[in-house]
Structures are given as structure tokens and as C-alpha cells.
Amino acid sequence: MTDSTGGPRDFGRVIPLPLEEEIKNSYLDYAMSVIVGRALPDARDGLKPVQRRILYAMLGLGLRHNQGYKKSARVVGETMGKYHPHGDSAIYDTMARMAQDFSMRYPHVDGQGNFGSIDGDPPAAMRYTEARLTALGEEMLQDIDEDTVDWGPNFDDSLQEPLTLPCRLPNLLINGSSGIAVGMATNIPPHNLGEVADALCYILDRKEDEEAELGEVMRFLHGPDFPTGGQILGREGIIDAYRTGRGKVVMRGRTTIEDLPRGKQAIIINEIPYLLNKTTFIETIAKNVQTKQLEGITDVRDESDRNGLRIVLEISRDHNAQLTLRQLYSRTQLQSTFGVINLALVNGQPRVMPLLEMLSIFLDYRREVVRRRTEFRLQKAEARAHIVEGLLKALDVIDEIVALIRASRDTDAARAGLIERFDFSEKQAQSILDMRLQRLTGLERQKLEEEYEQLIRQIEYYRSVLGDPQILDGVIKEELLDVRRRFGNERRTEIVDEIGDYSSEDLIPEKDLVVVLSRDSYLRRMPLEDYRCQGKGGKGVKGATPKGEDEIAFVTVGSTHRNVLLFTSRGRIFAIRGHMIPHPKAGKGKHVSRFIALEEGERVVAIRDSRLAGARYVFFLTKQGIAKRMPADELERITRAGRRILTLAPGDEIARVRCSGGGEDLLFVTAAGKALRVSEEEFRPLGRQARGVRGIRLAEGDHVVGCDIVRPGRTLLLLSRRGLGKRVRYDDFTPRHRGGQGVRAMNAGARTGEVIASWGVAENDSVMVISSRGRMVRCNASEIRLLGRQATGVIAVRLDDGDSVADMGVIRCDTEEEE
């Protein structure tokens with residue numbers, strides 16, 4: 001715009017701005033205000049600002065768990081007037097939720113009156129209800145007056161409020177959180193306090209240079225624990241949430257089927273999924289019965305009372321209660337999904353965190369709180385010790401001090417005289433002037449001496465805590481165990497490993513399959529029936545490898561309903577359900593990192609089917625010849641979270657994994673064609689963290705390729721990289737002691753190439769060979785000739801130019817399963 005002279009008009013202090021820029025900046029300011037100030041919890045204490053302010057206001061009102069209740073309106077007014085200048089209804093609704101035992105796993109507020117119900121009934125008006133802190137709520141505020149947290153001004157700069165609470169317990173995990181901000185949302189499930197405390201203690205017990213592993217932590221922290229109980233189906237969603245910060249947890253209510261008179265049955269629902277409104281749920285059932293979506297239900301009754309929840313669904317005589325229950329799971333909220341989003345504020349910024357990071361942030365925060373508290377107490381003890389030291393010194397020359405004080409003109413002169421003549425500090429001199437005459441008695445002197453000795457011990461202890469990180473962690477652990485002892489309780493939510501008759505897995509037909517891991521770490525499966533038996537020397541079928549250069553590394557035979565175990569180069573083990581592995585018509589499949597969390601430089605070195613029927617021990621042999629026997633029950637409950645089962649030397653890898661019943665002979669085979677037969681009893685059972693002992697002594701450049709169990713009716717099958725193979729009788733190998741070099745088992749030279757694998761086979765077993773270019777050959781083991789130890793072998797698979805054998809598996813004649 002221009003003025004009458006044609007020049008630009010002067011708007012004074014008005015600054016013209018593009019509209020879109022102003023909208024963008026203003027909206028971003030608003031968004032961050034909502035994210036930081038309202039919707040998201042802090043990762044350290046797990047509280048949103050309104051929750052933190054309510055608890056601090058209740059502490060200021062003296063509403064401790066062993067004191068009387070006060071009207072909720074008083075708490076809301078205190079919070080709103082001093083710290084949270086927003087609507088009273090928002091504050092009261094938040095406080096009411098903190099008192100609901102069906103919303104909070106561990107409530108912070110002890111409410112008296114109607115604070116709402118699981119039926120969706122709202123709380124009574126704040127003028128009718130009363131509240132105080134719970135004992136556990138007080139733990140959130142413990143030591144807040146000892147300079148343990150940072151403070152900031154309230155909304156009008158008239159008061160100071162804590163920016164976080166000290167919290168002796170990991171509130172973000174045990175109570176979870178939910179909230180919707182601008183462009184993001186958080187949905188953290190609650191957990192069991194005892195399990196979280198155990199997981200934190202496990203991390204604290206680790207050595208400084210050892211990092212905690214998710215699989216180990218999940219031995220203590222099994223999964224969410226909802227206040228309404230129920231069940232969680234499977235661990236896959238839990239592992240995803242703990243590994244990445246996002247996952248889907250399938251919840252299901254707890255039900256039983258009871259027999260009624262006249263041959264009828266009833267489905268009894270005793271627990272429902274978390275955050276499900278019971279009234280809405282019953283209305284959904286009634287509506288589905290009317291629309292024939294649920295069949296066989298003749299009556300719906302809500303028999304819930306103060307003793308617990310009980311919904312009764314009567315089933316007609318001509319209907320199957322199990323079928324009706326299946327319909328309930330699929331057509332009502334009795335089975336629902338909790339979408340986990342571990343989003344919280346870290347240093348004022350929103351971040352999605354995996355489980356280990358959440359635990360680490362709490363421990364780092366707790367270390368800071370304990371350190372600041374110890375520094376505060378140390379300064380206080382040193383100041384008091386300084387005063388007591390002056391009093392004791394004064395008692396030794398009390399007559400001279402009294403004379404000096406009587407001769408002084410005023411208090412200032414007396415203080416100056418004490419400092420100058422007796423070398424007291426100003427604080428000591430003032431304390432002497434304030435000393436009462438009763439301190440001159442012998443009993444009072446003894447008390448001062450005892451107090452001084454106690455103060456010296458406290459000072460030494462505080463300095464040791466500040467000077468040694470292990471002692472500081474020990475303090476944190478003791479407090480965690482104390483909280484666990486006082487407030488821990490049993491799990492309410494059951495985690496069902498095997499999902500059962502109504503799972504999605506039940507809809508997947510159980511089939512044998514071939515699982516292949518490529519050298520580029522891509523995982524895929526193929527039906528076993530695609531590979532019919534061929535004679536020895538066959539060319540095989542195409543299909544194990546898609547078009548491209550990706551070569552096969554490992555193969556195993558399993559089932560869609562069993563786990564496939566993946567052993568890594570760093571001695572860890574993971575489990576993947578067979579039906580979860582992709583079956584692409586074209587393409588490589590999926591990278592193994594989509595299923596399991598591998599560390600940098602870690603790779604999968606072996607895959608095996610999980611069936612360990614009748615096995616008492618699992619035997620590991622590494623490429624460097626280190627052997628270890630482990631009880632089979634150490635491998636129970638393996639999940640995609642992983643678990644360490646072997647501590648390896650640098651550069652070593654797992655070569656073979658075998659299962660045994662105990663007391664059997666083992667045959668070790670190396671790439672150079674050497675073999676050593678040794679009794680299993682020479683290896684004592686070891687735990688998961690043990691490294692193992694020397695199994696076979698290797699020549700320079702050699703490495704282990706096989707470890708087989710010597711069993712009657714079987715022979716040793718050896719296969720070289722160039723496709724030559726042979727069978728050798730186990731009796732050709734004399735038992736020796738562990739640690740020897742062994743004897744020749746195959747003449748491995750330039751023509752044959754190094755030995756690639758060895759297996760124990762029966763006459764009617766099948767052998768599956770995979771080349772590096774993806775060709776598969778399946779033939780009968782009996783077609784491979786039985787030869788002596790010095791023989792070269794016969795052609796087991798005919799290879800194209802440039803191709804080589806990648807791996808070999810054995811399919812047992814009776815189970816169609818790889819050993």
C-alpha cells in the first residue's frame with residue numbers, strides 16, 4: 001500500500017507477514033505446547049504435568065496415606081490456583097483416574113466415595129468425594145525436599161513447582177500412559193511392579209562393560225500386566241513393542257464354561273480386556289444376539305458385585321458352547337488389540353523408545369536423584385559435624401569461654417572474641433553462644449560425642465556412595481527391592497505362549513516346510529513336498545534361490561506350527577514361528593533383521609528346528625573346536641527377543657548344535673577331513689554364560705564342520721564342497737578323550753574340496769543338498785556308497801561350473817524331520 005505521495009505507507013509497529021508463515025509458526029508453537037505441557041508423559045517419572053501437579057499439591061495439603069481425607073474440591077482448587085490454571089473438570093477427571101483400580105495398575109490416589117466404575121459411570125461431583133495419597137503415591141514424592149529434582153516457576157512466577165518427581169519406582173512402565181498430542185499419540189501399557197523391579201536389578205547387576213540384552217531382560221519382565229487381568233495371546237506383539245517401541249498386543253477376557261441344570265451350559269466371563277466398558281460390552285453382545293451374529297445365547301446376565309466381575313451367557317441345549325465362545329472372540333471386544341506406542345518426552349523432545357531405553361532412562365534419572373540426595377545429606381551432615389565439633393571443643397575450655405562472654409560488651413563482641421581467641425568458625429561461635437546451660441552436664445557431653453561419631457560414619461558413607469558408582473547402584477537396588485517387597489503383587493494378566501484353539505495360527509494348516517537362510521541373510525520357506533526324492537547324482541530342482549546372485553547359506557526342515565531356532569555368531573539364540581517366515585512366489589523373502597534384533601557385526605550362523613523330543617542336553621561345538629553341553633531346559637521359552645547361550649572367544653562361531661539323551665558318543669568332523677570320537681560324559685553340563693571346554697584340537701587353518709551323535713543303525717555321511725560324498729561306519733572310529741586331533745575320515749584334497757558337512761544317517765533316511773546357486777537335490781542316503789575312512793567318495797550332487805555345495809540336511813524316514 002502507498003500513501004498520497006506514492007511512497008510506502010508507514011504502519012508504525014505493525015509488521016506485515018505472509019499469512020502462511022504466521023500460521024505455520026503459530027501452529028508449531030501450539031503443537032509443542034500441547035506435546036510438552038499436556039499430552040505426553042516425561043520418560044523419567046512417567047507423569048504428565050497435570051498428574052505431577054496434583055500429587056505435589058496433595059503433598060502440600062498434608063494428604064498422606066496415614067492422614068485424613070480432604071474434599072476433592074479442595075485438592076482441585078489447590079492445584080488449579082497454584083500450579084495448573086486450566087479447567088477444574090480436567091483436573092478432577094485426571095485425579096479420579098489416578099484413583100481407579102481398574103484404570104491404574106498401581107493407583108496414586110486413595111479415593112473415598114464414587115470415583116467411577118468399570119461400567120463407564122462417571123465420578124460423583126468433586127464436592128461429594130474425598131481423597132488422599134496412597135502409600136505408593138507417596139513414594140513418587142519421596143525425598144523431594146532434599147534437592148533431588150529441578151524446580152521451575154509456576155504460571156504466574158509466584159511459586160516454584162517440581163519439573164519432575166523423584167519417584168522411587170518406574171512409574172512410566174508400571175502404570176503406563178495414554179494421550180493424544182498434535183500429530184502423535186502415546187499408548188504405554190501397565191506392567192507388574194515386581195517384574196519391572198527385577199528387570200532393573202538385573203541391569204544393575206551387570207558389569208560396567210556388559211550391555212543388557214532384551215532376551216535376558218524378558219526373563220524377568222514377561223510383558224504387560226493389566227489391572228483388569230485377562231490374557232495376552234502370544235509373545236510376538238510384546239517382543240515387537242519391546243524391541244522397536246511399537247507393537248500390537250492381543251488381549252482376551254478370561255472365561256470358563258459351567259454346566260447348568262437340564263443339560264444346559266453357560267459361558268462365564270470373569271475378566272475383560274483392559275479399558276473395555278462393561279456396559280457397552282454387554283450391549284454389544286445383546287445386539288449381536290438379536291442380529292444373529294452370535295448364535296446359541298438364550299440369556300445374558302450381569303452378576304457382578306463387589307467381589308468381582310461375572311457376566312453369565314446361557315447357551316441353548318442344541319448349541320456348542322465352544323463354538324459360541326469362538327464367535328464371541330471374533331465378533332465382540334472380548335478379544336481386542338492394544339496398540340503399544342512407547343512415546344514419551346526425553347529431554348523435552350518426544351521419542352519412541354524400546355524397552356531397554358526406557359529402563360536405562362529411569363536408572364540414569366534415579367542415579368541423578370540419589371546422587372543429588374546424597375550430596376544434600378553430606379552437606380547437611382558436614383555442617384552439623386562442624387557445629388558438634390565446636391561444641392565439644394568448647395566444653396573442654398568452658399570456664400574460659402564463660403569468662404570471655406561475661407567480659408564482652410555485647411553478642412557481636414563475644415562472637416568476635418571466640419573466633420579470635422579459640423579459633424572457632426563463625427557458625428561454631430554462634431552455636432556456642434546459643435548453647436543452653438544443660439549442655440554442660442556429663443550426659444549431654446556423652447550425647448554430643450555419640451552424635452559426632454555417628455555423623456562421621458554418615459559422612460564416610462555418603463562420600464563412598466558419591467565416589468563409587470557400584471555403591472550408588474547398590475543403594476538404588478536396595479530401594480527398588482524395598483519398594484518391591486512393600487508394594488509388589490502377583491501378575492493379574494496371563495501370557496499364553498501357545499495361543500490355543502481360537503488363534504490365527506489354528507487357521508493355518510500344519511505343513512512340513514523347508515526354511516532357507518541366504519548368505520545375504522534373507523529368510524524364506526518352501527513346502528517340503530515340492531522336493532521329491534531323486535537318485536544320487538541328480539541335478540535337483542530350481543526354486544530355493546530366486547533370480548539373482550543371493551546364495552544359500554543354511555537350510556533346515558521344520559513345520560508351520562513349530563519354532564525355527566536361529567543361532568548367531570555371538571552365541572545368542574532366537575526363535576521364529578514357522579508360519580511367520582515368508583513364502584514368496586518370487587523374491588528373496590525378508591531380511592532376518594525384520595524378525596530379530598542383531599547387533600552390529602552379528603550374523604546368523606545356524607538354523608534348526610525347535611523340536612527336542614526326549615532330549616536332555618543340547619551340545620554346541622564351535623568352529624575353533626570349543627565344546628559345551630547344556631541342559632535342554634535352558635532353551636525353554638526362547639522367543640524372538642533372543643537369549644545368550646554361549647560365550648565365545650573373539651573370531652569364533654557356532655558350528656553345530658546337537659540334542660542328546662546323555663551318555664552317548666559324539667563324532668567331531670573338521671573341514672580338513674579329520675574326525676574325533678569322544679564320549680559325551682567327558683563334557684560336564686554348563687550354564688548359559690559359560691564358554692565351554694576344548695573338544696577337538698585343530699591344525700592351523702582348519703575348522704569344525706560337523707558334530708554327530710553316534711547311534712546304532714546309522715553311518716556317518718560326509719559331503720565335500722565339490723559335491724562328492726560317502727558314508728563311513730561309526731565303528732571305524734575308535735573312542736578317544738576330548739582335546740585330541742582325531743583321525744582321517746575323508747581324503748579332502750583339491751579334487752574334492754574341503755568337507756562342508758557331516759551327518760549321521762540311517763539306510764532309509766533322505767538327504768537334502770543345496771548348492772550355493774540354489775539347486776536342491778533330495779536323494780536316499782542308501783544310494784551314497786559306504787566306503788572306508790581313506791576313500792575319496794562318489795558324486796552325490798552334480799554341480800554346474802562355478803557352483804558348489806552350500807549346506808546339507810537330513811530328513812528322517814519316520815518323521816520327515818531334520819535332526
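You'll find the structure just up there.
In this text, all values refer to a predicted model and were calculated from it rather than measured experimentally.

Student: What should I look at first to understand helix α14 (residues 411-422) in this one?
Tutor: Each α-helix turn comprises 3.6 residues. Residues three or four places apart therefore point the same way. Spanning 12 residues, α14 covers 16 Å between terminal C-alpha atoms, matching the ideal 16 Å at 1.5 Å per step. Looking at the packing, one finds that the buried side of α14 touches α12 (355-396), α13 (398-407) and α15 (426-434). Looking one or two residues beyond α14, the residue adopting positive phi is D423, at roughly 65 degrees.

Student: Would you mind going over the sheet that holds strand β34 (residues 724-729) with me for this structure?
Tutor: Strands belonging to one sheet form pairs held by backbone hydrogen bonds; the direction of such a pair is parallel or antiparallel. Reading across from one edge, β37-β33-β34-β40 is the order of the 4 strands in this open sheet, with antiparallel pairing throughout. Looking at strand neighbours, the two that pair on one side only are β37 (755-761) and β40 (794-795), the edges of this open sheet. Strand direction decides the pairing type here: β34 and β40, joined by 2 bridges, are antiparallel. The residue of β40 that forms the bridge with G725 is V794.

Student: For this particular structure, what's the right way to read the packing of aromatic side chains?
Tutor: For any pair of aromatic rings, geometry is given as the distance between the ring centres together with the angle between the planes. Counted under the stated rule, the structure contains 13 aromatic pairs. Ring geometry for Y92 versus F115: centroids 6.5 Å apart, planes at 50 degrees, classification tilted. Within this pair, whereas Y92 is found in helix α4 (residues 88-97), its partner F115 is found in the loop between β2 (109-112) and β3 (130-133), the two being separated by 23 residues in sequence. For Y92, a relative accessible area of 6% gives the class buried. Both rings, one in F226 and one in F338, keep their centres 5.6 Å apart while their planes meet at 50 degrees; by these two values the pair is tilted. With a gap of 112 residues between them, F226 in the loop between α8 (214-217) and β8 (231-233) and F338 in strand β14 (residues 335-341) connect regions that are remote in the sequence. The residues F226 and F338 share a single accessibility class, namely buried. Taken together, the ring pairs connect Y56, Y83 and W151 into an aromatic cluster. Sitting over the face of the ring of Y329, R252 holds its NZ or CZ atom 3.9 Å from the ring centroid. It is R629 that lies over the ring of Y617; its NZ or CZ is 4.2 Å from the centre.

Student: So what exactly am I meant to see when it comes to the pattern of salt bridges here?
Tutor: Side-chain pairing between opposite charges can occur once the charged atoms of the two side chains come close. Tallying each qualifying case throughout the model produces 59 salt bridges. Among the salt bridges present, the one from R445 reaches D396, with a minimum N-O distance of 2.8 Å. Of this pair, R445 sits in helix α16 (residues 442-467) while D396 sits in helix α12, and the two are 49 residues apart along the sequence. Connected through salt bridges with shared partners, the residues D143, E146, R168, R366, R373, R377 and E479 form a single ionic network.

Calculation criteria
Residues numbered from 1 in each chain as written. Predicted model: local features only at pLDDT ≥ 70, side-chain atom pairs only at ≥ 80, totals over all residues. Heavy atoms only, no water. Helix = DSSP H or I, 4+ residues; strand = E, 2+ residues; numbered from the N terminus. Expected span 1.5 Å × (residues − 1). Contact = heavy atoms within 4.5 Å. Pairing = 2+ DSSP bridges. Phe/Tyr/Trp six-rings, centres within 6.5 Å; stacked < 30°, edge-to-face > 60°. Buried < 20%, exposed > 50% of the residue type's maximum accessible area, 1.4 Å probe, protein only. Lys NZ or Arg CZ within 6 Å of the ring centre and 35° of its normal. Salt bridge = Lys/Arg side-chain N within 4 Å of Asp/Glu carboxyl O.

Nothing here speaks to function; it is all geometry.
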